[in-house]
Every structure is written in C-alpha cells, then in structure tokens.
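Residue-level listing of the chains:
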Amino acid sequence: MLELLLKALLGYLLGSISGSMVMGWFRHVDIRKSGSGNAGGPNAFRTQGFRFALVVVLIDIGKGALAAWLLPRFGLGLSGTAVTPDTQMLVCGFAAVVGHCYPVWYGFRGGKGAATAVGALAVIQPWALIPMFITWLLALTITGWVGLATILAAISLVPAFLWLNESSAHLVFAVLMALFVILMHQSNIRNMLNGTEYRFERARIANWFRHD
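Residues numbered from 1 in each chain as written. Predicted model: local features only at pLDDT ≥ 70, side-chain atom pairs only at ≥ 80, totals over all residues. Heavy atoms only, no water.

**Q** Is there a simple way to explain the overall build of the protein chain in this structure?
**A** Each helix and strand counted, the protein chain has 11 helices and 0 strands in total. Traced from its N-terminal end to its C-terminal end, the protein chain shows the element sequence α-α-α-α-α-α-α-α-α-α-α. Taken along its principal axes, the extent of the C-alpha atoms in the protein chain is 65 × 45 × 30 Å. Across the 212 residues in the protein chain, those meeting the buried criterion constitute 44%. About 11,300 Å² of surface is accessible on the protein chain, with carbon and sulfur atoms providing 69% of the total. (Helix = DSSP H or I, 4+ residues; strand = E, 2+ residues; numbered from the N terminus. Buried < 20%, exposed > 50% of the residue type's maximum accessible area, 1.4 Å probe, protein only. Areas by Shrake-Rupley, 256 points an atom, 1.4 Å probe, with all protein chains shown as cover.)

**Q** Help me out: how do you make sense of the nonpolar core in this one?
**A** Nonpolar side chains tend toward joint burial in soluble globular proteins. By size, the foremost hydrophobic cluster in this structure holds 20 residues, and its most contacted members are L121, I124, L157, F161, F173 and M177. Breaking this core down by element, the ones donating at least two residues are α5 (85-101), α6 (114-124), α7 (129-143), α9 (157-163) and α10 (168-184). Not counting residues up to four positions away in its chain, the partners in contact with L121 are P126, L129, M132, L157, F161 and F173. With 6 residues, the next largest nonpolar core counts M23, A44, F52 and V56 among its residues. (Core = buried A, V, L, I, M, F, W, Y, C linked by side-chain atoms within 4.5 Å. Contact = heavy atoms within 4.5 Å.)

**Q** Would you mind going over a nonpolar patch on the surface with me for this structure?
**A** Taken together, W127, I130, F133, I134, L137, L138 and I142 make up a surface patch of nonpolar side chains, about 730 Å² in accessible area. Tracing the backbone through its elements, the reader meets L138 in helix α7. Taking relative accessible area as the criterion, L138 reaches 49% and is therefore assigned partly exposed. (Patch = residues over 30% accessible without salt bridge, like charges linked within 9 Å, V, L, I, M, F, W, Y side chains within 5 Å. Salt bridge = Lys/Arg side-chain N within 4 Å of Asp/Glu carboxyl O.)

**Q** Would you mind showing me how to read the packing of aromatic side chains here?
**A** Here the distance between the centres and the angle between the planes together describe a pair of aromatic rings. Applying the stated criterion to the full structure yields 6 aromatic pairs. Seen in terms of ring centroids, F133 and W136 are 6.3 Å apart; in terms of plane orientation they differ by 25°. Their pairing is stacked. Here W136 and F133 lie together in helix α7, a separation of 3 residues that amounts to about one turn. By relative accessible area, W136 is classed as partly exposed at 27%. Following the ring pairs from residue to residue traces out a cluster consisting of F94, Y102, F173 and F180. Sitting above the plane of the Y198 ring, R46 keeps its charged end 4.7 Å from the centroid. One residue, R199, lies across the ring of W145, its end atom 4.2 Å from the ring centre. (Phe/Tyr/Trp six-rings, centres within 6.5 Å; stacked < 30°, edge-to-face > 60°. Lys NZ or Arg CZ within 6 Å of the ring centre and 35° of its normal.)

**Q** Looking at this structure, I do not really get the state of the cysteines. What am I missing?
**A** Such a bond, covalent and formed between the sulfur atoms of two cysteines, is termed a disulfide. Scanning the model with the defined rule gives 0 disulfides in all. Unpaired in this structure, C92 has its nearest cysteine sulfur neighbour in C101, at a distance of 16 Å. Residue C92 is classed as buried on the basis of its relative accessible area of 0%. Of the residues examined, C101 reaches a relative accessible area of 2% and is grouped as buried. (Disulfide = S-S within 2.5 Å.)

The following block contains the structure:
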C-alpha cells in the first residue's frame, strides 16, 4: 500500500506540470491572468490561439497517459500488500488529473482536468473514449458550451464502463472521475444558469447554415 501511495504522489506531481504554464513560460504569459483565468486548453485557445492551445492539450494528454502507463511499471522495492497493475493505473491516472487541477508547482491553480483524464483513459480503457467523444461533440454542436460538453462526456464514462463490463474498481474510477469533473466545472454551471457562460457559436449546428 505504501508503494501505491508513493506512485499516486508521483502521478500527482507529474500531473502538476501544466501544459499552459510550460508554454506560457516560453511566451512570457500566464493565461490564468486572461480570459476565464483557467489554465486549461479552452482558455489557452481563446486567449493565445490554436497552435498554443494544441501544444498545451498534447502536453496535458501526454502526462495523463504517462502517469497511467509508466508509473505502474516501476517497482519501488517496498514491502507490503501487493496492488494489481490495473489498480495502480487507475490510481496514478486519477492522481495526475488531480495534479493538473491543483498543481503544486503553480500555487494549486490549474485547469479542469479533461485533457489529462483523456490521456489516462487512453491507457486504462481506450474504447471508452469513443462514446465520450461522441457525447462531447453532440453536446458542443447543439449547445456551443464546451463546459457542458465536457461534463456530459465525463458522465458518459460510467455507462461506457458498464457496457464494456469493466471491474468494480474501474466503475469506482469512472464515478469518481465524473464527480470530479463536475466539481471542477462548478463555475461553468453557475454561468450557464446565469446566462453568462461563453458559447462557442461557430461550433453550434444552428449556425452552420446561417449567412449573415
């Protein structure tokens, strides 16, 4: 169990490496001081452009995948109750998402975890990404709200894991991940209720055939 806790800590520290902060260091900007104040991909796109945001998202996806794939393969040589590699993947992947949202390197102000979660899921259960992406795309094209699309995509992880007949540990992971993503999007939910949430109008299917 001590080994699992240490690997979870390593996953958290790896997740704390923020793609937007790394890229911002090269450009001498802190995107948390612009737009929504969030250090994730959507705010990077809105404030710094597509190329900047693309690299940010790739870094954030990569660290989630690396935490879930690499850390369980390390043997730390500690005695105690053995934990299965599958459980280690789940714990390390989730820890990386927490690190992304609350990065120790950047004053615990990070992103909302979606890209890092995708990276972890690409290792844990890549088939679950298909219904998640479909849910995200449908919600985005119907509403234009990226936050709502991300919340619904995270929730879809639970029925996806049920359909894939995953283990109870995987189902617990799916439920915790969905709840965590909802928690991280509380401000988006409030803004949607208040009518102040940013809407990506160009993504909405209702605007695809308009000629203004």
